[in-house]
Structures are given as C-alpha cells and as structure tokens.
Amino acid sequence: MAQYAFAFKWSDAHERFEQAIMLVLIGLIMAVTVSATAHLVVAVWHLLSRSAVDPTDQGVFQTVFGAVFTVLIALEFKRSLLAVLAHGENIVRVRTIVLIALLAIARKFILLDLQTIAPMDVLSLAAAVLALGIVYWLVRDQDARADARIRQQGASLKKDVPDAQ
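Note that the structure is a prediction, hence the values are computed from the model and not measured.

Procedures and definitions
- Residues numbered from 1 in each chain as written.
- Predicted model: local features only at pLDDT ≥ 70, side-chain atom pairs only at ≥ 80, totals over all residues.
- Heavy atoms only, no water.
- Helix = DSSP H or I, 4+ residues; strand = E, 2+ residues; numbered from the N terminus.
- Buried < 20%, exposed > 50% of the residue type's maximum accessible area, 1.4 Å probe, protein only.
- Areas by Shrake-Rupley, 256 points an atom, 1.4 Å probe, with all protein chains shown as cover.
- Patch = residues over 30% accessible without salt bridge, like charges linked within 9 Å, V, L, I, M, F, W, Y side chains within 5 Å.
- Salt bridge = Lys/Arg side-chain N within 4 Å of Asp/Glu carboxyl O.
- Expected span 1.5 Å × (residues − 1).
- Contact = heavy atoms within 4.5 Å.
- Axes fitted to C-alpha atoms, helices over the stretch in contact; angles between N-to-C directions.
- Parallel < 35°, antiparallel > 145°, perpendicular 65-115°, else oblique.
- Polar contact = N/O pair within 3.5 Å; in protein donor to acceptor, adjacent residues only side chain to side chain.
- pLDDT = per-residue confidence, 0-100.

J.: Could you clarify how one ought to interpret the overall build of the protein in this entry?
T.: Counting secondary structure elements, the protein contains four helices and zero strands. The N-to-C order of helical and strand elements in the protein reads α-α-α-α. In the protein, buried positions account for 19% of the 165 residues. For the protein, the accessible surface area stands at approximately 12300 Å², while carbon and sulfur atoms represent 68% of it.

Below is the structure:
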C-alpha cells in the first residue's frame, strides 16, 4: 500500500512541476507577444505618419502582415498552453500544433519574394500546406468523434443518476 502512496505523491509532484513549467512558458510567450505587438504598432504608426511611404507597396504589406501573423502564432500557442492547464491535459493537442504550423507556413508565403524564390521552394511549401491540411482535417474529425463519445457517455451517466429533488 505504501508504494501506491509514493507513486501518487510522485505523480502529484510531477503534475505540479509540469504546471509550473507551463506557467513559465505562458509568461514568456505573453512577453514575446506584447513585444511583437508593440513593434507592430510602432511600425504601422511610422508607416501611416510618413506620407512618402506607400502602404500598398508589396514590401510594406509583407512586413506588416508578417508581423501580424507573428502575433497570431504567439497568441495561438499561448491559448493552447492555457487550454492544457485549464483542462488538466498532459500534452498539447496535435490539432493545435498543426494549426500553428499552418499559420507559420502562411506567414512564410506572405513574406516570400516571388521574384527571387525558386519554383521548387514554392512547390515544397505548397506540399507542406497540403499535408498539414490533411492532417488537420483527419485530427479534427477524430477529435469531433471523441467529443461526441464523451457527450454521449455524459448523457448516459445523467440518466443513471437520480434527481436530488
């Protein structure tokens, strides 16, 4: 019996350690997000305050939207870590990792200079997007089926428990 108590205490300590690390990571990601947002605000302010700069210029567009995607990626990553903490899960869901990868590749596409990039590089990025899209679709369906099973089990448990009226 004592060995089970030790295993339980070790598991508790390990979970607390993981939670502490997650909180540190969330804090770091929040700091990076605030910094990236501040840089984005300053860049857009400078762009709008200087009348000599054309906001429809492709280079300006790429810079601004590249920075926007950087902030979105950081926010999604932070949200996924918060979800892990809130739901008591042990790992970040594959769907979230694939979504972050898709956002990163979309950012890469925005930053590409089509005048200088090799066609095979564009093809390889497109293949990566296609593969990640397929994985996201498959994982999303798997998660939907798992969520439906959990709801169904919850409904069957409610039927078995008498009302306390």
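J.: Looking at this model, I keep getting lost on a nonpolar patch on the surface. Mind explaining?
T.: Together, Phe-17, Ile-21, Val-24, Leu-25 and Leu-28 give the surface a local cluster of nonpolar side chains, amounting to about 460 Å² of exposed area. If you trace the backbone, Leu-25 turns up in helix α1 (residues 2-49). Leu-25 gets classed as partly exposed once you look at its relative accessible area, which sits at 35%.

J.: Sorry if this is basic, but what is going on with the environment of Gly-133 here?
T.: Assignment of secondary structure puts Gly-133 in helix α4 (residues 119-160). For Gly-133, a relative accessible area of 30% translates into the label partly exposed. Along the chain, Gly-133 and Ala-101 lie 32 residues apart, while their C-alpha atoms are 10.0 Å from each other.

J.: Any chance you could explain the pattern of salt bridges here in plain terms?
T.: Once the charged atoms of two side chains with opposite charge are near each other, the side chains can pair. Applying the stated criterion to the full structure yields one salt bridge. For Glu-76, the salt bridge goes to Arg-79, with nearest N and O atoms at 2.7 Å. Residue Glu-76 and its partner Arg-79 are both found in helix α2 (residues 58-87); the two are separated by three residues, about one turn of the helix. According to the relative accessible area criterion, Glu-76 is buried, its value standing at 13%. For Arg-79, a relative accessible area of 44% corresponds to the partly exposed category.

J.: Just to check I follow, could you spell out helix α3 (residues 94-111) for this structure?
T.: If you check α3, its first and last C-alpha atoms are 26 Å apart, about what 18 residues at 1.5 Å a residue would give, namely 26 Å. Those residues of α3 that fall on the buried side of the exposure criterion are Thr-96, Val-98, Ile-100, Leu-102, Leu-103 and Ile-105.

J.: How do you make sense of the environment of Val-122 when you look at a structure like this?
T.: In this structure, Val-122 sits in helix α4. Here Val-122 falls in the partly exposed class, since its relative accessible area comes to 26%. Taking C-alpha positions, Val-122 is 8.8 Å from Leu-112, a pair spaced ten residues apart along the chain. Leave out the neighbours within four places in its chain, and Val-122 touches Phe-109, Leu-112, Leu-114 and Ile-117.

J.: Please clarify how the side chain of Thr-33 should be interpreted in this entry.
T.: Along the polypeptide, Thr-33 turns up in helix α1. Excluding anything up to four places from it in sequence, Thr-33 contacts Val-71, Ala-74 and Leu-75.

J.: Which parts of the structure should I look at to understand the packing of α2 against α3?
T.: Between two packed helices, both the angle of their axes relative to each other and the distance between the axes serve to describe the pair. Two elements in contact, α2 and α3, have axes whose closest approach is 9 Å; the angle formed by their N-to-C orientations is 175°. Considering their axes alone, α2 and α3 lie roughly antiparallel with respect to each other. The residues of α3 that touch α2, namely those facing Gln-62, Phe-65, Gly-66, Phe-69, Thr-70, Leu-72, Ile-73, Glu-76, Phe-77 and Ser-80, are Thr-96, Leu-99, Ile-100, Leu-103, Ala-104, Ala-106, Arg-107, Ile-110 and Leu-111.

J.: How should I be thinking about the side chain of Gln-62 in this particular structure?
T.: Topologically, Gln-62 is positioned in helix α2. Using a relative accessible area of 12% as the deciding quantity, one classes Gln-62 as buried. Within the structure, Gln-62 has its side chain in polar contact with the backbone oxygen of Leu-112 (distance 2.5 Å). Apart from residues no more than four positions distant in its own chain, Gln-62 is found in contact with Ile-110, Leu-111, Leu-112 and Asp-113.

J.: I'm lost on the confidence of the model for the protein in this one. Help?
T.: Do not read the predicted coordinates in detail wherever pLDDT is low. Of the residues in the protein, 80% reach a pLDDT of 70 or more, and the chain-wide mean stands at 80. Put simply, α4 is where the protein has its lowest mean pLDDT, 80, and α3 is where it has its highest, 86.

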